[in-house]
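Coordinate inspection notes
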Amino acid sequence: MNRAYLLLPPALVLALICIAGAAAAQVLMPGEEAQVPAPREDTLRSPGPEPEEVELLPGDELPVFGARMFTGAFAQQPFTGFNPDYRIQIGDQVRVQFWGAVDFGEVLTVDAQGNVFLPQIGPVHVAGVRNDALTSLVRGRVQTVYREQVGVYANLEGAQPVSVIVSGFARRPGIYRGLSSDSILYYLDLAGGVDPQRGSFIDVRVLRAGRVRHRVSLYDFLLEGSLPTIQFADGDTIHVGPLTNTVSVEGAVHNAARFEFRGATLPAATVVGWASPRSDATHVRVRRNNSGETTAQYLPLIALQAITLMPGDRVTLIPEDRPQQIVVGINGEHDGAKEYVVTPGTRLGTVLDQIVPSERTRLDAIQLFRVSIKERQTALLQRSLDQLEREVLAARSATDEEASIRLREAELIQSFIARARKLEPLGLVVLGRPDQARDLYLEDGDILFVPAKSRLVTIAGEVMFPTAVNWRSGASIKDYIEIAGGYTRTADTRRLLIRRANGEITSVSMGGFNQPSPEPGDEILVLPEPNVKNLQLAKSLAQILFQLAVTTSVILDL
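Notes on the structure in this doc start here. What you see is a predicted model; the values in this text were computed from it and never measured.

A few words on the side chain of T488. Turning to its location among the elements, T488 is positioned in the loop between α10 (477–483) and β25 (495–499). Here the side chain of T488 touches E462 through a polar contact of 2.8 Å, side chain to side chain. Setting aside residues up to four positions removed in sequence, T488 forms contacts with E462, V463 and M464.

Below, the discussion takes up the packing of helix α9 (residues 400–421) against helix α11 (residues 535–552). Between α9 and α11, the least distance of the axes is 13 Å, while the angle of their chain directions is 20°. The angle between α9 and α11 falls in the class roughly parallel. In this structure, the crossing between α9 and α11 has a hand that is left-handed. Residue-level inspection shows I413, F416 and A420 of α9 in contact with α11, the latter providing L537, L541, I544, L545 and L548. Across the contact of α9 with α11, the residue classes break down as eight nonpolar, no polar and no charged.

Our focus in this paragraph is the environment of P357. Checked against the element boundaries, P357 lands in the loop between α7 (348–352) and β20 (367–369). Expressed as a C-alpha distance, the spacing of P357 and G336, which sit 21 residues apart in the sequence, is 7.4 Å. Aside from chain neighbours lying at most four places away, what touches P357 is D335 and L363.

This paragraph deals with the pairing of strand β7 (residues 174–179). For strand β6 (residues 161–168) and β7, the ladder comprises six bridges, and the chain directions are antiparallel. Bridging from a neighbouring strand, P161 pairs with L179 of β7. Linking two consecutive strands that pair antiparallel, namely β6 and β7, is a turn of five residues.

What counts, and where the lines are drawn
Residues numbered from 1 in each chain as written. Predicted model: local features only at pLDDT ≥ 70, side-chain atom pairs only at ≥ 80, totals over all residues. Heavy atoms only, no water. Helix = DSSP H or I, 4+ residues; strand = E, 2+ residues; numbered from the N terminus. Polar contact = N/O pair within 3.5 Å; in protein donor to acceptor, adjacent residues only side chain to side chain. Contact = heavy atoms within 4.5 Å. Axes fitted to C-alpha atoms, helices over the stretch in contact; angles between N-to-C directions. Parallel < 35°, antiparallel > 145°, perpendicular 65-115°, else oblique. Left-handed = near helix turned anticlockwise from the far one by under 90°. Nonpolar A, V, L, I, M, F, W, Y, C, P; charged D, E, K, R; others polar. Pairing = 2+ DSSP bridges.

Shown next as structure tokens:
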């Protein structure tokens, strides 16, 4: 076929002259059906452009808001439905069906005069008719000839293929094929999207014959999911305007970016809302460059309403590390509140004075559990286990028999290390006598435990029958061990621990003199004795066993 530009609309003729690589049109001979020429790959309904890295302005690490919007996803899924407000236009395909006294069913193309031709009825003008009114229009025309016993149904089968020009500050300006019902995002995505270095996401215009028909801000879609319904015609132009004024928002936000705005100023609260502050953001810093001189403001986030931003300003949201209030929990045996909200700097004595004791409260044995101490104890425990693991792996053997023994020991110790890593320290702060710790500063998340009065003594660890027995005046540690059935064969009989009701730990040498006597509420802890040949490993294991018993209240055996 001969090819010529003269059959295209004037807007397309101008575009083909100005834009290199535009598709050529076909000249139709009488009786021929219109065929779409084979365009370039980037003008077909293709998967769209490959995702590209966001290009940043020199010295600016923040992307423009929306820069990652166009990755090819919109071009992969063209719009296939029709909205009720769609208006039929030349080139659309309409399915018309009759049934009853007359049978007819065909897909008709709206001709150049805006009509479809129905047998025995004649031309019916449908161009410009709303999609939801199509059936009633055709039915009314059919009933002028067939007044009874004829059902009529009309449906928009396919929209007209169109060529749309994408111009301005898009990544790949050009002519792109699609349907009149496709969204503006489809055509922009085919063109690679808005150029984030130069293009505007808030100034996108749709022009027809040189006149603006729609103004689109992609921020409405990004922030609210709102997108205008646009019916494209052959030769329409989507023009991406230049990047306008911007301000940067970073720090404690979910959408750190540079944001565009129109006009000379922008309320700070508006742009911070676009950036979606995190829940821990409490303060804001605004930097401004005034003729080469940088100024800064630092203020609470709640005072943001009074701030107006100018182009180039940089806003940083900052989480305030120091809380304005702290929460202290009170667990155990008492009749008062379970939590107190106090200001930072509050001392232990202030909260102790608020405790309402019950008949069984033991105020002289109050314990304090602290998150920061728990984290520190966890780190120290993991460090000790790491050191033990290195010692196991570095141990050498002089003979094959010794190597075999070391291998079995290493397997046992590795299993012990794996179990020990799963234990969590309690974060206990030993207060001693609470009246001597009243000046201790409280931290957020502190928990005070108020023990109940008890006359029991607990025996745990490497004894035959771990149990709790009634406290006996004058009874020694050995007496309580015997009540529990005596030591197991793996027990360390030379040293054991006594945990007092207030959390204090006392190490007792069983071969020494002046051994302390257990008191009501105490716990006797018998540790296992490391049964390894290597003296250094035995020492390290003993240290970790003691550390686990003190920080986690768990006696872990090998």
